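# Chain and residue survey
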Amino acid sequence: MEIKGLIALCSKINVHSEINEKTAPLTSIKVGNVAKIIIYPHSIDALCEILSYVKSNNIKFCVVGNGTNVYFTDQNY
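A brief look at the structure comes next. (Residues numbered from 1 in each chain as written. Predicted model: local features only at pLDDT ≥ 70, side-chain atom pairs only at ≥ 80, totals over all residues. Heavy atoms only, no water.)

## Topic: the overall build of the protein
The secondary structure content of the protein amounts to two helices and two strands. Secondary structure elements of the protein, listed N to C terminal, follow the sequence α-β-β-α. Since a compact globule built from 77 residues should have a radius of gyration of about 11 Å, the 12 Å found for the protein is in line with a globular shape. Counting every position in the protein, which comprises 77 residues, the buried fraction comes to 23%. In the protein, once contacts between residues fewer than 6 apart in sequence are set aside, the share between residues at least 24 apart is 53%. (Helix = DSSP H or I, 4+ residues; strand = E, 2+ residues; numbered from the N terminus. Rg over C-alpha atoms; globule rule 2.2 N^0.38 Å. Buried < 20%, exposed > 50% of the residue type's maximum accessible area, 1.4 Å probe, protein only. Contact = heavy atoms within 4.5 Å.)

Spelled out as structure tokens, the structure:
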């Protein structure tokens, strides 16, 4: 249920998000599986609002830059 709220928040603050997105194309080594949601914040303020939401709802998350030197395992996130 928290993911639905996160999707709603992204929509409200006009932040692009992708549901059940493959992670491999996002990394330099092209390895990975599927993430429940990937969020592309457009500003520091948007990032802070999203981080506040995920922390207050105990949603596991990982902040990743350009995907260089990142390895996602084959399990879903």
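## Describing the side chain of T23
On the secondary structure map, T23 appears in the loop between β1 (16–22) and β2 (34–40). For T23, a relative accessible area of 2% gives the class buried. In this structure, T23 is in contact with V31, G32, N33, V34, A35, I38 and F72, ignoring residues within four places of it in sequence.

## Details of unusual backbone geometry
In this model, N14 sits at a positive phi of 60 degrees, which is unusual for a non-glycine residue. Residue placement: N14 occurs in the loop between α1 (2–12) and β1. Its identity as a non-glycine residue notwithstanding, N20 has a phi of 50 degrees, on the positive side. Structurally, the position occupied by N20 is in strand β1.

## Some points on the packing of α1 against helix α2 (residues 44–56)
The contact between α1 and α2 brings their axes to 11 Å, and the two run at 165 degrees. Considered as vectors, α1 and α2 are oriented roughly antiparallel to each other. In the packing of α1 onto α2, the handedness of the crossing is right-handed. Between α1, through E2, G5, L6, L9 and C10, and α2, the contact on the second element is made entirely by E49, I50, Y53 and V54. Its residues assigned to classes, the contact of α1 with α2 shows six nonpolar, one polar and two charged. (Axes fitted to C-alpha atoms, helices over the stretch in contact; angles between N-to-C directions. Parallel < 35°, antiparallel > 145°, perpendicular 65-115°, else oblique. Left-handed = near helix turned anticlockwise from the far one by under 90°. Nonpolar A, V, L, I, M, F, W, Y, C, P; charged D, E, K, R; others polar.)

## Some remarks on the side chain of T27
With respect to the element layout, T27 can be found in the loop between β1 and β2. For T27, a relative accessible area of 2% gives the class buried. Contact partners of T27, with chain neighbours within four places excluded, come to G67, V70 and F72.

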